[in-house]
Every structure is written in C-alpha cells, then in structure tokens.
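If you want the building blocks of each chain, they are given just below.
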Amino acid sequence: MKRALILAAVIAMAAQPALAGPVDLIPDPVDDDGRVTLGDLFDGAGAAAEVLVGRRAGATVVFEAAQVQAVARGAGLEWSNPQGLRRIVVRQGAAPVGGALSAENSARPASADVSARAGAVVEVLTYARSLSAGETVQPEDVVWSTVQAHQAPSGAPRDAEQVIGLSARRALRAGSAVAVRDLAAPQVIARNDMVEVAYMVGGVELTVTGKAVRDASAGDPVPVLNMQSGRTIDAVAVAPGRAVAGPAAQAAQAARRNPQQFAAR
C-alpha cells in the first residue's frame, strides 16, 4: 500500500510542468521560422523552450502580455512582468542595425526614419489580414512591413498602440498600409438607440433618457431627442447607451482627440 502511494505521488509530480523558476523577457525578441516559442521570448526557458506561443505570418507579430504570461505559467515558468508590459512584439530574424523595437513598444523601428530619397525603403504598419468595415483592429491584425518610401502613407502611425482597438471605417485589404484616416473609435451608440444623458455640475448629476438622432463613436457629438419635452440635447457619446452634456462633454471630446485613450486594452 505504501509503495502504491509513493508511485502515485511520483506519477503526479511527473504530470506537473517542471518549474524553472523566474525568467526574464528577452528585450527585443525575434524568431526565425514563424513559430514563436517560449525560448524565443525568455532567457532560461529550459525544457519549456519549445512550447509554442503563437505563429508569425508577417514581419512581426504582437502578443498580449497576459496571454504570454499564461502560456509561460502553464509550462512551469514564472514571469512577473515587472515592467507592466501590455503587449510584446516579436520580429522576424535578427533586429535591424539601430532597431529600437522593444518587447513593450510596438513603435515603428528606427529603420522607418530612413530618408525618403529615391530607392529608400521604410517600415510601415500593414494589415496582416483583410478587415471588414466596422471590425476592430486586434494586436495580431497589424505587422511591420518594408515598402518603398514613396508608398508610405502620409501621417502613417509610428506606433501600433495608436490603432489597436480602433475600428475600420471601410473594408481594408491585407497587406495595405495602415492609415489613421481609415480608422475610427468603435461605434458605441446607434441611431434610434435609447441613451441616458448625464449632466454634471457642482457635484450634482442630472440624467435624462432620450433617443439618439445618429450613430456615434466614443467622443463624438450625438444629438439626443428628449421624448417628453421634444427638445434635442447636444451631448457627447462616452459608452454604449451613455452620453454626457455640459462641461463633461468638452472633456470627453478632448479625450477623444488623444489616440492613447483607445489603445490601452
């Protein structure tokens, strides 16, 4: 009986992933074959080095830090994410000379600043897959690609964080360069939706419910028809079914002009 218990304990221990202790994220992770593994991301991954995290289809792939942390923990590795990273970017092959794409930043690499002289190339964000109008851009939907300098759109985003979480204004084709003008904050109110409008002043909040006159994204103006009085309230959309009026509306519009409001997910 005692022998059987010992054997059972040994089998149970063998079934658990080998705990390799704390590991450190490689500052500028790269992979060579399109298979991104824990060994590509962490120093000292040991036996867990070949555990697959995901696949890279383009020049880069972006992972949510929480996703990577969960895979690492399941393989017996402990990564505490001391820098509080939100996303991790993995590039193809060795990083370019002077490249500054860190694990935390999905910012455009330094090679993107090459002078736009004849024949020069730059790196721009492109779509890894085609998106339909209204679809939200996810981290895995954008990759850095090298194009001729004259093909780079004016005002191209220098950081993937600027576009992740935004929605497509129109159908977007895989491989095309990302342009901020093609994206918008996700729609939160549709025409004829019943909307609760809050007016805050002096620490007092007054609310009224009415019908939205048009579609609106977060931070967009939205006229709301008060069904009882027949008057239209000039409000600003802030969330599904919610809008604000008065001083809060001005603050909401100011926040809308800050792209980072929509990037942190």
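Before reading further, recall that the structure is shown in the block above.
Residues numbered from 1 in each chain as written. Predicted model: local features only at pLDDT ≥ 70, side-chain atom pairs only at ≥ 80, totals over all residues. Heavy atoms only, no water.

**Q** Describe the overall build of the chain, naming the residues involved and giving the relevant values.
**A** The helix and strand inventory of the chain stands at five helices and 20 strands. For the chain, with 265 residues in total, the buried portion stands at 41%. Once local pairs closer than 6 in sequence are excluded, the contacts in the chain between residues at least 24 apart make up 53%. Accessible surface, the chain: about 14,100 Å² in total, of which carbon and sulfur atoms supply 54%. (Helix = DSSP H or I, 4+ residues; strand = E, 2+ residues; numbered from the N terminus. Buried < 20%, exposed > 50% of the residue type's maximum accessible area, 1.4 Å probe, protein only. Contact = heavy atoms within 4.5 Å. Areas by Shrake-Rupley, 256 points an atom, 1.4 Å probe, with all protein chains shown as cover.)

**Q** Before we move on, can you summarise the sheet that holds strand S7 (residues 60-64) with the specific residues and values?
**A** Strand order across the open sheet formed by three strands is S3-S9-S7, with mixed pairing between neighbours. Sheet topology places strand S3 (30-31) and S7 at the edges, where each strand pairs with a single neighbour. Two elements, S3 and strand S9 (residues 87-92), share two bridges in a ladder whose sense is parallel. The partner of Val 30 across the bridge, within S9, is Arg 91. On top of the sheet, helix H3 (residues 65-74) reaches S7 and S9; it is set at about 75° to S7, its chief contact. (Pairing = 2+ DSSP bridges. Axes fitted to C-alpha atoms, helices over the stretch in contact; angles between N-to-C directions.)

**Q** Lay out the environment of Ala 248 in plain terms, naming residues and giving numbers.
**A** Structurally, Ala 248 can be placed in helix H4 (residues 247-256). Separated by 10 residues in sequence, Ala 248 and Val 238 place their C-alpha atoms 9.9 Å apart.

**Q** Quick rundown of the environment of Trp 79? Include the residues and the values.
**A** The topology assignment puts Trp 79 in the loop between strand S8 (77-78) and S9. On the basis of relative accessible area, Trp 79 is assigned to the buried category, the value being 5%. Expressed as a C-alpha distance, the spacing of Trp 79 and Val 23, which sit 56 residues apart in the sequence, is 5.5 Å. Among all residues touching Trp 79, those that are not within four sequence positions of it are Val 23, Leu 25, Phe 42, Ala 65, Gln 69, Leu 85 and Ile 88.

**Q** With reference to specific residues and values, describe the pairing of strand S15 (residues 194-201).
**A** Pairing analysis gives eight bridges linking S15 to strand S16 (residues 204-212), with the strands arranged antiparallel. Looking at the pairing, Val 197 lines up with Val 208 of S16. Connecting S15 to the next strand, S16, in antiparallel fashion are two residues, including Gly 202 with a positive phi near 60°. As judged from the four bridges shared by S15 and strand S20 (residues 242-245), these two strands associate in the parallel manner. By the bridge assignment, Tyr 199 is partnered in S20 with Ala 245.

**Q** Pulling in residues and values, what's your account of the pattern of salt bridges?
**A** Under the definition given, this model contains four salt bridges. The salt bridge involving Arg 91 is made with Glu 123; its shortest N-O contact spans 3.5 Å. Note that Arg 91 is positioned in strand S9 and Glu 123 in strand S10 (residues 121-127), a separation of 32 residues in sequence. As a salt-bridge pair, Arg 129 and Asp 141 come within 2.7 Å of each other at their nearest N and O atoms. Taken together, the residues span a long stretch of sequence, with Arg 129 in the loop between S10 and strand S11 (142-148) and Asp 141 in the loop between S10 and S11 at a distance of 12 residues. The class of Asp 141 is buried, set by a relative accessible area of 2%. Residues participating in the shared-partner salt-bridge network are Arg 129, Glu 135 and Asp 141. (Salt bridge = Lys/Arg side-chain N within 4 Å of Asp/Glu carboxyl O.)

**Q** Describe the nonpolar core, listing the residues and the values that go with them.
**A** Counting residues in hydrophobic clusters, the biggest one holds 21 residues, and the most contacted among them are Leu 38, Leu 41, Phe 42, Trp 79 and Ile 88. The residues touching Leu 38, leaving out its near neighbours within four places in the chain, are Ala 45, Ala 48, Ala 49, Val 51, Val 53, Val 71, Ala 72, Ala 75 and Leu 77. (Core = buried A, V, L, I, M, F, W, Y, C linked by side-chain atoms within 4.5 Å.)

**Q** Talk me through the side chain of Ser 217; I want residue IDs and the actual numbers.
**A** Structurally, Ser 217 can be placed in strand S17 (residues 216-217). A polar side-chain atom of Ser 217 sits 2.7 Å from the main-chain carbonyl oxygen of Ala 185. With sequence-adjacent residues up to four places away left out, Ser 217 is seen in contact with Ala 185, Pro 186, Gln 187, Val 188 and Ala 237. (Polar contact = N/O pair within 3.5 Å; in protein donor to acceptor, adjacent residues only side chain to side chain.)

**Q** So what about the side chain of Glu 123? Which residues, and what values?
**A** Note on Glu 123: relative accessible area 8%, which makes it buried. Within polar-contact distance, the side chain of Glu 123 engages the side chain of Arg 91 at 3.5 Å.

**Q** Quick rundown of H3? Include the residues and the values.
**A** Among all positions of H3, only Ala 65, Val 68 and Ala 72 are buried. What you see down the axis of H3 is that its buried residues fit within an arc of 65°, all on one side. In H3, the exposed positions angled more than 90 degrees off the buried face are occupied by Ala 66 and Gly 74. Where H3 is buried, its residues contact helix H2 (38-41), strand S5 (42-43), strand S6 (52-55), S7, S8 and S9. Positive phi appears at Gly 76, one or two residues downstream of H3, with a value of about 90°. (Arc of directions from axis to C-beta.)

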